[in-house]
Amino acid sequence: MITFRRLEALSFLHSGAYCGLLAAWLIPGAHGAEHVLGWIHGLGWIGMSLLCLHAVRARIIPLWLGAMVIIVGGVGPFAGTAAFVHEDRRRSRASRGMV
């Protein structure tokens with residue numbers, strides 16, 4: 001079952017893999033890690049895109065958040081993660097009546 005919290009956690013995981021990919025790219029001789037993390041990032045982005053597309057259609061997440069993950073996430077998944085944090089805070093304020 002797809003929930004906002006699970007998508008948010010997957011987004012953080014994807015950003016962590018991307019961070020590791022950037023670190024492996026900077027470290028000389030880490031070609032094996034770079035290769036594995038590249039695949040994790042690529043497949044992770046495809047998976048996140050499909051899940052977020054479904055979540056937008058099911059009205060679990062708003063369209064703008066899905067677009068951040070799907071469009072920007074391939075190059076910089078940190079933007080999608082930041083968007084999840086922003087939406088989480090917006091939802092918290094709304095539930096407390098502070099819109």
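Right above here is the structure, for reference.
Residues numbered from 1 in each chain as written. Predicted model: local features only at pLDDT ≥ 70, side-chain atom pairs only at ≥ 80, totals over all residues. Heavy atoms only, no water.

**Student:** Please explain the packing of aromatic side chains as it appears in this structure.
**Tutor:** The geometry of an aromatic ring pair is captured by two quantities: the separation of the ring centres and the angle between the planes. Applying the stated criterion across every chain yields a total of two aromatic pairs. On the basis of an interplanar angle of 55° and a centroid distance of 5.5 Å, the ring pair of phenylalanine 4 and phenylalanine 84 is categorised as tilted. You can see phenylalanine 4 sitting in helix H1 (residues 4-26) and its partner phenylalanine 84 sitting in helix H4 (residues 77-95), a full 80 residues away along the chain. Neither residue differs from the other here; phenylalanine 4 and phenylalanine 84 are each classed as buried. Ring centres of tyrosine 18 and phenylalanine 78 lie 5.4 Å apart, and the angle between their planes is 65°; this geometry places the pair in the edge-to-face category. Placement of the pair is tyrosine 18 in helix H1 and phenylalanine 78 in helix H4, with a sequence separation of 60 residues. The residue whose ring lies beneath arginine 91 is phenylalanine 4, and the NZ or CZ to ring-centre distance is 4.1 Å. (Phe/Tyr/Trp six-rings, centres within 6.5 Å; stacked < 30°, edge-to-face > 60°. Helix = DSSP H or I, 4+ residues; strand = E, 2+ residues; numbered from the N terminus. Buried < 20%, exposed > 50% of the residue type's maximum accessible area, 1.4 Å probe, protein only. Lys NZ or Arg CZ within 6 Å of the ring centre and 35° of its normal.)

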